[in-house]
Amino acid sequence: MTTYYFAVQDLDEEFDGDRGLDLPDLPCAIIHARRALSDMALDGIPTVPGARQAVTVLGPDRIPIAIVSLRISIDWCDAKGAVMPGPE
């Protein structure tokens, strides 16, 4: 087992991962981060293009290993449905 920490960035603020969770390996830690992000999305998703919610997986030394994030983007389409540059 390895201790992983999770830092959270939600719509309002960021939280440092101060409590560790013992998990068998990194894929299990990423699954945990994905589930946490899913729970966060239930409270609302980012509404501003480029904004994100994220869970950063940190190793036992608290150095980031992976970031699982949810971002919002808006693509504008022309009359034929092709993606085009949006208004600035």
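Residues numbered from 1 in each chain as written. Predicted model: local features only at pLDDT ≥ 70, side-chain atom pairs only at ≥ 80, totals over all residues. Heavy atoms only, no water.

A. Molecular detail of the confidence of the model for the protein chain. Overall, the predicted model of the protein chain reaches an average pLDDT of 87, with 93% of residues at or above 70. Per-element confidence in the protein chain ranges from a low mean pLDDT of 70 for strand 2 (residues 14-15) to a high of 95 for strand 3 (residues 21-23). (pLDDT = per-residue confidence, 0-100. Helix = DSSP H or I, 4+ residues; strand = E, 2+ residues; numbered from the N terminus.)

B. Fine view of the nonpolar core. Judged by nonpolar contacts, Y4, F6, L23, A29, A33, L37, M40, V55, V57 and V68 together constitute the single largest core of ten residues. Those elements giving two or more residues to this core turn out to be strand 1 (2-9), helix 1 (26-42) and strand 4 (52-58). For this core, the element with the highest residue contribution is helix 1, accounting for four residues. Ignoring any residue separated from it by four or fewer positions in sequence, one finds A29 in contact with Y4, F6, L23 and V57. (Core = buried A, V, L, I, M, F, W, Y, C linked by side-chain atoms within 4.5 Å. Buried < 20%, exposed > 50% of the residue type's maximum accessible area, 1.4 Å probe, protein only. Contact = heavy atoms within 4.5 Å.)

C. Inspection of helix 1 at higher detail. Compared with an ideal rise of 1.5 Å per residue, which puts 17 residues at 24 Å, helix 1 spans 25 Å between its outermost C-alpha atoms and is within 8% of the ideal. For helix 1, the complete set of buried residues consists of A29, A33, L37 and M40. One side of helix 1 carries all its buried residues, which in axial view fall inside an arc of 80°. Set apart from the buried face of helix 1 by more than 90 degrees, the exposed residues are P27, R34, R35, D39 and L42. Between the side-chain oxygen at the start of helix 1 and the backbone nitrogen of C28 there is a gap of 3.1 Å, and the oxygen is on D25. In the stretch just after helix 1, G44 is the one whose phi turns positive, near 135°. (Expected span 1.5 Å × (residues − 1). Arc of directions from axis to C-beta. Polar contact = N/O pair within 3.5 Å; in protein donor to acceptor, adjacent residues only side chain to side chain.)

D. The side chain of T56, seen in detail. On the secondary structure map, T56 appears in strand 4. By relative accessible area, T56 is classed as buried at 15%. Contacts of T56, omitting those with residues within four sequence positions, involve Y5, F6, A7, P64, A66 and I67.

E. Just the packing of aromatic side chains, in detail. Enumeration according to the criterion identifies zero aromatic pairs in this entry. R62 extends its terminal NZ or CZ atom over the ring of Y5, reaching a point 4.0 Å from the ring centre. (Phe/Tyr/Trp six-rings, centres within 6.5 Å; stacked < 30°, edge-to-face > 60°. Lys NZ or Arg CZ within 6 Å of the ring centre and 35° of its normal.)

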